[in-house]
Amino acid sequence: MKKLIAMLMALVLCFGLVACGGGSSDDADTADTAAAFKIGCTGPLTGDAAIYGQAVKYGLEIAIEEVNALGGIQLELQYEDDVADGETALNAYNKLIDDGMQIFAGTVTSGAGQAVAPQAYEDQIFMLTPSASSPEVVEGKDNVFQVCFTDPNQGSASATYIKENMGDKTIAVIYRNDDAYSQGIRDTFAAQAATEGLNVVYEGTFTKDTATDFSVQLTAAQAAGADVLFLPIYYQPASVILAQADAMGYAPIFFGVDGMDGILTMEGFNTELAEGVMLLTPFSADAEDELTKNFVAKYQALAGETPNQFAADAYDVIYVIYNALNEAGCTADMSYTEICEALKSTIVNMSYTGLTGSDMTWAATGEVTKMPTAVIIENGVYVGA
Amino acid sequence: MLNKIKNLKSTTKVDFATYFGVIVAFIVITILMNQGMLKRAHVGMLVPICSYITMAVALNLVVGISGELSLGHAGFMSIGAFTGVIAAMSLTSAIPSEPIRLAVAMVVAAVCSGAAGAVIGIPVLRLRGDYLAIVTLAFGEIIKELMNCLIVGHDSEGLHIIFNYNGSKSVEDLHMLTDGAVIVKGAQGTVNVDTISTFAAGFVLVMVTLVIVLNLVRSRSGRAILACRDNRIAAESVGINVTSYKMMAFVTSAALAGAAGALYGLNFSSMQATKFDFNQSILVLVFVVLGGLGNIWGSIIAATVLYILPEALREVADLRMLVYAIVLIVVMLATNSPAVKNVLSKILPKRRKEMD
Amino acid sequence: MEFLSYLISGISLGSVYAIIALGYTMVYGIAKMLNFAHGDVIMVGGYISFCAMSYLDLPWPIAVLLAMLVCTVLGVVIEGLAYKPLRQATSLAVLITAIGVSYFLQNAALLIFGATPKVYTPIISGTLKLFGGQLSISYVSLVTIAACIVIMIALTLFTDKTKMGKAMRACSEDKGAAQLMGINVNGTISLTFAIGSALAAVAGVLLCSSYPTLMNTTGSMPGIKAFTAAVFGGIGSIPGAFLGGILLGIIESLAKAYISTQLANSIVFGVLIVILLVRPAGLLGKYVPEKV
């Protein structure tokens, strides 16, 4: 009996929230649609991957504020939490469509992107993801584009770079095998390494659940005599690997990819540990150009920390959309399918220079062409390698 | 007719009311959907809700009715989801009709998952209480890691399966013909799945689950299972084979969870093995406990409400999961604390009498 | 030599599990509940000590004491608000409430400290080199192992020799009988939570010193592993928790080194299953046959 009452209370609460929630956002729709394009995005704001979702959110907000201040096309952002999970992301995406989204600037993570992109393709809404780097996200979908590198792009670029610059060295790889990003890069790295004739002596993996202790993998890599340690992983586990390798007295050349960016800005991280780390990254918060300086200053004011490449990719997403909308001559009263038709033919013919690369262009397949630059960390800052 | 209903046993009345409620809900939602009165967000949630309802009812059979705490039921859902997707994708050309293919996939998933349930049940059901719980947790985690190592593709030669246990294999090692398609890509999970799950299929699955579980519970075997839960020693002393009845409940539950997994897996273009982790098991367990142990219709309502709740809480954005946690604690305290019970029974003395 | 260093990394990992498992097993032994929020109390301990050291520039012993104090209060408050009203309820109801508390702590920490992981400064840095540098043991590991042994001995003495410890054991045997003998059962359970949470704070500091990232989900997986360790050794048994933790760490480390890094967790859980089948109450647990 009491259970029944409790359930009913919960039910009432629940539908009450749905009702008032739905109501309030409807009101917002009618007031604003005439004036601004509605941009939607989903990313993790809670859970393990929250850091990436929040970075993207801040990046989008900064760019939208700048664009709106220009006085031309006005944009409006609606950002929903997806916990980096496909199921929740699809629910969030559906809600965004209900609330009148016209352009989809998500998702943040690859796993969620793989679940949402086919639906976006079916709906024919223009989708430009800042950071869902898996090739599955864009494959076979004419309306889905990426601002980040695809994973294969990075994996083969890393192998080529290592071959050219330290081809005679022995290599070990440590990657996270329950993560689409990490495994995607590793797979193409391995394929390219085989063709280049690189000497890979050890491959170790870890999972989300074992991402705290790497002493075994490091001991094995050291025992196998690896001179170069390739880390196609995000910077948080990488920081632990650097600390543990240092404690063991193992000092190979660490080589990372764009996920490694952000390691220098971790609160409390001893940057001496990262001395000599090499990484391929499209964005560096220490760059001296005006664009980066302006962005970093604004980001620090908003979020209280230094932006990583997720935030930079998100910032570029907004400007790419803004430029494309201008070029295609879209107006905010167009439906999302009309906007999509216009944008998908525009984006393949335009080029854009932003935070994460200059003269970026897009193929009809959805992948971006931009060059990753290799940097090396010296005295706590990135230096071109 | 009315007299007939009146003369039924009270449990039978509740059962019929449950079927009736589910059918009415289905009809109402279908009508609303056809009239275009539901939002996309609501329509999108229907299939996952059906699959979670099935999960909750299946888990209730183990936790509520058989009395064994399972913390690893997401593992069975995972097996069902992956086998279901693999079956459906590889039968695309053999069975062109989508509903039939979905049904076949669900049956395959239920069989595989039930078989896994039998294999796991043999060691697990020898244990008691919290030890049993931790072993189910352990199996759940093991299944998650094993599924994460799967690489599967299908071409005109049939299925190609690699178990990538040391992390050195990739899709290229499948050596597929050019007409083939990759179905499961290791950590990237299932890719490019035809989303053939429908709300109608979900409804049928929920009904089938209800028929199986309710008939099992009200049967001779069901009474034996309940007896084992209430007093294992007394049940043994009257000649009930406790292990085999517990096994019956466990395997049935695993098979249903597998079918729910297939429905779930075929509703998304892509899903990863890491989705079916400990938190997923706990999520379903929360449905069962909040709905009431052994109370089937309670599980249905709890699964629905608690699935919608976090989505409904999107309006409070950052506080979403915090509010969810508070609701969880408050509801548990409200339904189980003696102090709150007293207050409630004072406020609602009349209704209480009627119910009794 | 490699084998030795795998073994050592296993022991240091295991000692972290063991120290968490000690807290788990204390609470389970008395309150007979799986306190899933224990791992999150560890995370809170980590954050408190991090803030004390990084923002307030306090020396680490004071930071540890502060963390212990805050966690003790937190533990008692959680127990009083969420678990005490459910003393008579089914163990499942308490379990779900504990999960609710765990979600609450994780998400509150997310709101307060943000999603960006913090890098924890180990309380002691440096490495002990043996055999001309071929074998290295970090001082943090040595401290963790030492702390673990000291805590285990102290807890054993406490439960065996002191009056309050005896009251605890009485409550764990039979709450009703203990109450009849004039033991304040509720007070004893609160005390257990206080001790368990203080241990969690110490565990938090040592966990973050060994594996120096700190975020809102830092405590959950070590919490589950430590729970596994406690069951492995026989839940409710203090030496069992220690033994279970160390063995779990060694198995995990050796499995990673010699079998598969992918399936390390599966192998750990697989061994657990086998052990429980052979010894249904864990390595050092007492098997109490049911009475009619």
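About the thresholds
Residues numbered from 1 in each chain as written. Chains lettered and ligands numbered in written order. Predicted model: local features only at pLDDT ≥ 70, side-chain atom pairs only at ≥ 80, totals over all residues. Helix = DSSP H or I, 4+ residues; strand = E, 2+ residues; numbered from the N terminus. Buried ≥ 20, exposed ≤ 12 C-beta atoms within 10 Å, placed from the backbone. Contact = placed C-beta atoms within 7 Å. Rg over C-alpha atoms; globule rule 2.2 N^0.38 Å. Core = buried A, V, L, I, M, F, W, Y, C linked by C-beta atoms within 7 Å. Domains from an automatic or database assignment. Nonpolar A, V, L, I, M, F, W, Y, C, P; charged D, E, K, R; others polar. Pairing = 2+ DSSP bridges. Expected span 1.5 Å × (residues − 1). pLDDT = per-residue confidence, 0-100. Axes fitted to C-alpha atoms, helices over the stretch in contact; angles between N-to-C directions. Parallel < 35°, antiparallel > 145°, perpendicular 65-115°, else oblique. Left-handed = near helix turned anticlockwise from the far one by under 90°. Right-handed = clockwise from strand over helix to strand, strands pointing away.

With respect to the overall build of chain B
In terms of regular secondary structure, chain B is built from 15 helices and three strands. Projecting the C-alpha coordinates of chain B onto the three principal axes gives extents of approximately 70 × 55 × 50 Å. Looking at chain B residue by residue over its 356 residues, the buried ones come to 54%. Considering only residue pairs separated by 6 or more positions, chain B has 76% of its internal contacts joining residues 24 or more positions apart.

Focus on the overall build of chain A
A tally of regular secondary structure across chain A gives twelve helices and 15 strands. Expected size for 385 residues packed as a compact globule is a radius of gyration near 21 Å; at 22 Å, chain A falls within 12% of this value. Relative to its 385 residues, chain A shows a buried fraction of 60%. Put simply, of all contacts in chain A between residues at least 6 apart along the chain, 68% involve residues at least 24 apart.

Some details on the environment of B:Ala201
Residues and elements named next belong to chain B. With respect to the element layout, alanine 201 can be found in helix α7 (residues 199–218). A residue is classified by how many C-beta atoms lie within 10 Å of it, and alanine 201, with 21 of them, is buried. Each C-alpha atom, one on alanine 201 and one on glycine 64, is 26 Å from the other, the two residues being 137 residues apart in sequence. Once residues lying within four places of it in the same chain are set aside, the contact partners of alanine 201 are Pro99, Leu102 and Leu263.

Examining the nonpolar core
Core analysis: the biggest nonpolar cluster contains 354 residues, and A:Ile321, B:Ala56, B:Leu263 and C:Leu22 have the highest contact counts within it. The two domains that each donate at least three residues to this core are domain 1 (35–149 + 292–369) and domain 2 (152–281) of chain A. Apart from the residues within four sequence positions on either side, A:Ile321 is in contact with A:Ile39, A:Ile103, A:Ala105 and A:Leu128.

Re the interface of chain A and chain B
On the chain B side, the residues contacting the 43 residues of chain A number 45 residues. When grouped by side-chain class, the residues that make up the side of chain A that touches chain B number 17 nonpolar, twelve polar and 14 charged.

Quick notes on the pairing of strand β3 (residues 181–185) of chain B
Residues and elements named next belong to chain B. The buried fraction of β3 is high, at four of five residues. Here strand β1 (residues 150–155) pairs with β3 via four bridges, running antiparallel. Note that in β3 the partner of isoleucine 151 across the bridge is lysine 185.

Some thoughts on helix α3 (residues 86–98) of chain A
Here α3(A) spans 18 Å end to end across 13 residues, near enough to the 18 Å set by a 1.5 Å rise per residue. Among the 13 residues in α3(A), twelve count as buried, and that is most of the element. If you check which residues of α3(A) are buried, you get A:Gly86, A:Glu87, A:Thr88, A:Ala89, A:Leu90, A:Asn91, A:Ala92, A:Tyr93, A:Asn94, A:Lys95, A:Leu96 and A:Ile97. Where the residues of α3(A) are buried, they touch β1 (36–43), β2 (74–81) and α4 (110–123) of chain A together with α3 (40–65) and α12 (296–312) of chain B. Count one or two residues on from α3(A) and you reach A:Gly100, which has phi positive near 95°.

So, the interface of chain B and chain C
On the chain C side, the residues contacting the 37 residues of chain B number 37 residues. Secondary structure elements with two or more residues in the side of chain B that touches chain C: α6 (129–148), α11 (278–291), α13 (320–336) and α14 (338–347) of chain B. With ten residues, the top contributor of residues to the side of chain B that touches chain C is α13(B). Its residues placed into classes, the side of chain B that touches chain C shows 28 nonpolar, four polar and five charged.

Some details on helix α9 (residues 235–248) of chain A
Residues and elements named next belong to chain A. Taking 1.5 Å per residue, 14 residues should reach 20 Å; α9 reaches 20 Å between its end C-alpha atoms and fits that length. Of all the 14 residues making up α9, 13 are buried; the element is thus mostly covered by neighbouring parts of the structure. After α9 finishes, the residue glycine 249 shows a positive phi value of roughly 75°.

Some remarks on the confidence of the model for chain A
A residue-level look at chain A finds 91% of positions with pLDDT of 70 or above and a mean pLDDT of 85. Contacts from residues 11–34 of chain A, a stretch scored under 50 in pLDDT, to residues over four places away or in other chains number 21 contacts.

A word on the environment of A:Tyr299
All names here are of chain A. With respect to the helices, strands and loops of the structure, tyrosine 299 is situated in helix α10 (residues 290–303). Here tyrosine 299 falls in the buried class, since 23 other C-beta atoms lie within 10 Å of it. With sequence-adjacent residues up to four places away left out, tyrosine 299 is seen in contact with Tyr58, Ile62, Pro307 and Ala311.

Structural notes on the domain arrangement of chain A
Residues and elements named next belong to chain A. In terms of domain boundaries, chain A breaks down into domain 1 (35–149 + 292–369) and domain 2 (152–281). Each of domain 1 and domain 2 was reduced to a C-alpha centroid, and the two centroids are 29 Å apart. Between domain 1 and domain 2, the contact holds eleven residues from the first and twelve residues from the second. For the side of domain 1 that touches domain 2, a count of residues per class yields two nonpolar, seven polar and two charged.

Overview of the sheet that holds strand β13 (residues 368–369) of chain A
Residues and elements named next belong to chain A. Reading across the sheet, the three strands line up as β11-β12-β13 and stay open at both edges, with antiparallel pairing between neighbours. With partners counted over all chains shown, the strands left at the sheet margins are β11 (352–354) and β13, one partner each. Taken together, the two bridges between strand β12 (residues 357–362) and β13 define a ladder with antiparallel strand orientation. Following the sheet pairing, tryptophan 362 is matched in β13 by valine 368.

Some thoughts on unusual backbone geometry
Residues and elements named next belong to chain A. Looking along the chain, the bond that leaves glycine 106 and enters threonine 107 is cis, with omega of -10°. With respect to the helices, strands and loops of the structure, threonine 107 is situated in the loop between β3 (103–104) and α4. Despite not being glycine, alanine 84 has its phi angle at roughly 60°, a positive value. Summarising the element assignment, alanine 84 is placed in the loop between β2 and α3. Non-glycine residue aspartate 359 carries a positive phi angle of around 50°.

Some thoughts on the packing of helix α10 (residues 238–258) of chain C against helix α11 (residues 264–278) of chain C
Residue and element names in this part refer to chain C. Contact pair α10 / α11: the axes reach a minimum separation of 9 Å and the direction vectors enclose 135°. Considering the angle they form, α10 stands oblique to α11. Every pair of crossing elements has a handedness; the one defined by α10 and α11 is right-handed. Contacts between α10 and α11 involve Leu248, Ile251, Glu252, Ala255 and Lys256 on the former and, on the latter, Ala264, Ile267, Val268 and Val271. Residue composition of the contact of α10 with α11, grouped by class: seven nonpolar, no polar and two charged.

Looking at the packing of α3(A) against α4(A)
All names here are of chain A. Interaxial distance between α3 and α4 falls to 8 Å at its minimum, and their mutual angle equals 35°. In this structure, α3 crosses over α4, and the sense of that crossing is right-handed. Contacts between α3 and α4 pair Gly86, Ala89, Leu90, Tyr93 and Ile97 from the former with Gly111, Ala112, Gln114, Ala115, Val116, Gln119 and Asp123 from the latter. Along the lines of polarity and charge, the residues of the contact of α3 with α4 split into seven nonpolar, four polar and one charged.

Topic: the sheet that holds β3(A)
All names here are of chain A. With parallel pairing, five strands are arranged side by side in an open sheet as β2-β1-β3-β4-β5. Looking at strand neighbours, the two that pair on one side only are β2 and β5 (144–146), the edges of this open sheet. Direction of pairing for strand β4 (residues 126–129) relative to β5: parallel, over a ladder of three bridges. The residue bridging leucine 128 from the neighbouring strand is phenylalanine 145, located in β5. Where helix α2 (residues 50–69) meets the sheet, it contacts β1 and β2, and its direction lies at approximately 170° from that of β2.

A few points about the pairing of β4(A)
All names here are of chain A. Taking every second residue as pointing to the same face, both faces of β4 are buried, with Phe126 and Leu128 on one and Met127 and Thr129 on the other. Sheet topology note: the β3/β4 ladder contains two bridges and is parallel. The residue bridging phenylalanine 104 from the neighbouring strand is methionine 127, located in β4. Once the chain exits β3 it traverses α4 before rejoining the sheet at β4, and the crossover so formed is right-handed.

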